[in-house]
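For reference, the chains in residue letters:
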Amino acid sequence: MSVPDYALLRDLACDVATSAAEMIRRRRAEVFASSDDRGEGSVRSKTSETDPVTVVDVESETLIRESLARLRPGDGFLGEEATGNTEGTSETGVVWVVDPIDGTVNFLYGVPAYAVSIAAQVDGRTVAGAVVDVPQGWVYSAARGQGATVQRADQGTRELRVSATESLGMALVSTGFGYKAERRIAQARLAGTLLPIVRDLRRIGAAALDLCLVAAGGLDAHVEHGLNPWDFAAGSLIAEEAGALVRIPPTSARSDQGELVLVATPKVYHELASVLEELGFLESIA
């Protein structure tokens, strides 16, 4: 089995994610006709009543799946909305890990922070990926060993580098919360412990964007328990290629296992990891 060209996989991820983002912008205006319209009849729950999936999530994943199957037949596919999907059987060695809309609650409410995330993995390791900030149209991407970039229509393409922040006390840290009450209680306890010892905390609501902001220097760290692989597969590579240190679960992990994702600029990473270890939060939160 030949080794795939990571740069070509990155370009493909960018193209398909951009097409999906264009569709999402168009469909949101059609499905949610007014600011107080929650798209009745087009939303259902997943893991809990507060964890929604919209018809646009499904349409986006279908577009991505069909595009990748046409352009790279034989690759595997692991998508958030896919029914009965496990690791995505692959004839080529490449598996695409896809979040068709990361930040569905934001999308549902019209909060402008949601994204399309597409990662190409080989042997469970991300080798290329793209995250498109849908409302802004920004395209973050990376190929392993080849750096990370962001493309903006008004500024062109620039290389990404993490911030120069050297201490946890000066770090702007993002986090997220699960959909089940038991995990939220533990996550709130962690947030309350971190808040007095960091510059500040942010909760954006779309982990893929959090990780890209770490890559771009807009955040210094992201810490969260219970993400799924499609939430972090692309964004973690983008952050790593921009100079971040990364701790992520294996692709086989699922949200209900509560494993830790920790991504940060190097000096902040070591301080934050020490704090988490002292508090017992390097372990899973069930």
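Conventions used here
- Residues numbered from 1 in each chain as written.
- Predicted model: local features only at pLDDT ≥ 70, side-chain atom pairs only at ≥ 80, totals over all residues.
- Heavy atoms only, no water.
- UniProt positions renumbered as here; feature names shortened; annotations may be inferred.
- Axes fitted to C-alpha atoms, helices over the stretch in contact; angles between N-to-C directions.
- Helix = DSSP H or I, 4+ residues; strand = E, 2+ residues; numbered from the N terminus.
- Parallel < 35°, antiparallel > 145°, perpendicular 65-115°, else oblique.
- Left-handed = near helix turned anticlockwise from the far one by under 90°.
- Contact = heavy atoms within 4.5 Å.
- Patch = residues over 30% accessible without salt bridge, like charges linked within 9 Å, V, L, I, M, F, W, Y side chains within 5 Å.
- Areas by Shrake-Rupley, 256 points an atom, 1.4 Å probe, with all protein chains shown as cover.
- Salt bridge = Lys/Arg side-chain N within 4 Å of Asp/Glu carboxyl O.
- Buried < 20%, exposed > 50% of the residue type's maximum accessible area, 1.4 Å probe, protein only.
- Pairing = 2+ DSSP bridges.
- Expected span 1.5 Å × (residues − 1).

- Naming follows an unreviewed UniProt entry, where the chain appears as Inositol-1-monophosphatase of Segniliparus rugosus.
- Within the UniProt record for the chain, the comment given under Catalytic activity (unreviewed entry) is "a myo-inositol phosphate + H2O = myo-inositol + phosphate".

## Considering the packing of helix α4 (residues 181-194) against helix α7 (residues 266-279)
Part 1 of the argument: Contact geometry for α4 and α7: axes closest at 12 Å, N-to-C directions at 125°. Overall, the two elements α4 and α7 adopt an arrangement that is oblique. In this structure, the crossing between α4 and α7 has a hand that is right-handed. Residue-level contacts link L190, T193 and L194 of α4 to L272, V275, L276 and L279 of α7.

## Digging into a nonpolar patch on the surface
Part 1 of the argument: A cluster of nonpolar residues, V105, Y109, V111 and Y179, forms a patch on the protein surface that exposes about 330 Å² of accessible area.
Part 2 of the argument: Mapped onto the elements, V105 comes out in helix α3 (residues 104-109).
Part 3 of the argument: Taking relative accessible area as the criterion, V105 reaches 30% and is therefore assigned partly exposed.

## With respect to unusual backbone geometry
Part 1 of the argument: We note that D123 has phi near 55°; this positive angle belongs to a residue other than glycine.
Part 2 of the argument: Relative to the helices and strands, D123 is located in the loop between β5 (115-122) and β6 (125-133).
Part 3 of the argument: Owing to a relative accessible area of 78%, D123 belongs among the exposed residues under this scheme.

## Digging into the sheet that holds strand β3 (residues 76-79)
Part 1 of the argument: The seven strands are arranged β3-β4-β5-β6-β7-β8-β9 in an open sheet whose pairing can be described as mixed. This sheet does not close on itself; its edge strands, each paired only once, are β3 and β9 (156-159). Taken over all neighbouring pairs, the strand axes of this sheet differ in orientation by 15° on average, direction set aside.
Part 2 of the argument: As paired strands, β5 and β6 are joined by eight bridges and run antiparallel to one another. Bridge pairing links V122 to R125 in β6.
Part 3 of the argument: Lying on the sheet, helix α1 (residues 6-31) is in contact with β4 (94-102), β5, β6, β7 (138-143) and β8 (148-152); it crosses β6 at an angle near 30°.
Part 4 of the argument: Helix-sheet contacts for helix α5 (residues 207-216) involve β4, β5, β6, β7 and β9, and the interaxial angle to β6 is about 100°.

## Comments concerning the pairing of strand β12 (residues 221-225)
Part 1 of the argument: Of all five residues making up β12, five are buried, and the element is well covered by its neighbours.
Part 2 of the argument: Burial along β12 is two-sided: the residues A221, V223 and H225 and H222 and E224 are all buried.
Part 3 of the argument: Of the strand pairs in this sheet, strand β10 (residues 172-175) and β12 are connected by three bridges, and their pairing is parallel. Each bridged residue has a counterpart across the sheet, and for T175 the counterpart in β12 is V223.
Part 4 of the argument: Bridge analysis of β12 against strand β14 (residues 260-264) gives five bridges, and the strand direction is antiparallel. Residue pairing in the sheet places H225 in a bridge with L260 of β14.

## Section: α7
Part 1 of the argument: Helix length check: α7, at 14 residues, gives a terminal C-alpha distance of 20 Å against a target of 20 Å (1.5 Å per residue), a fit within 8%.
Part 2 of the argument: Summarising the contacts, the buried residues of α7 are in contact with α4, β12, β13 (245-247) and β14.
Part 3 of the argument: Among the residues trailing α7, G280 stands out with phi positive, at a value near 85°.

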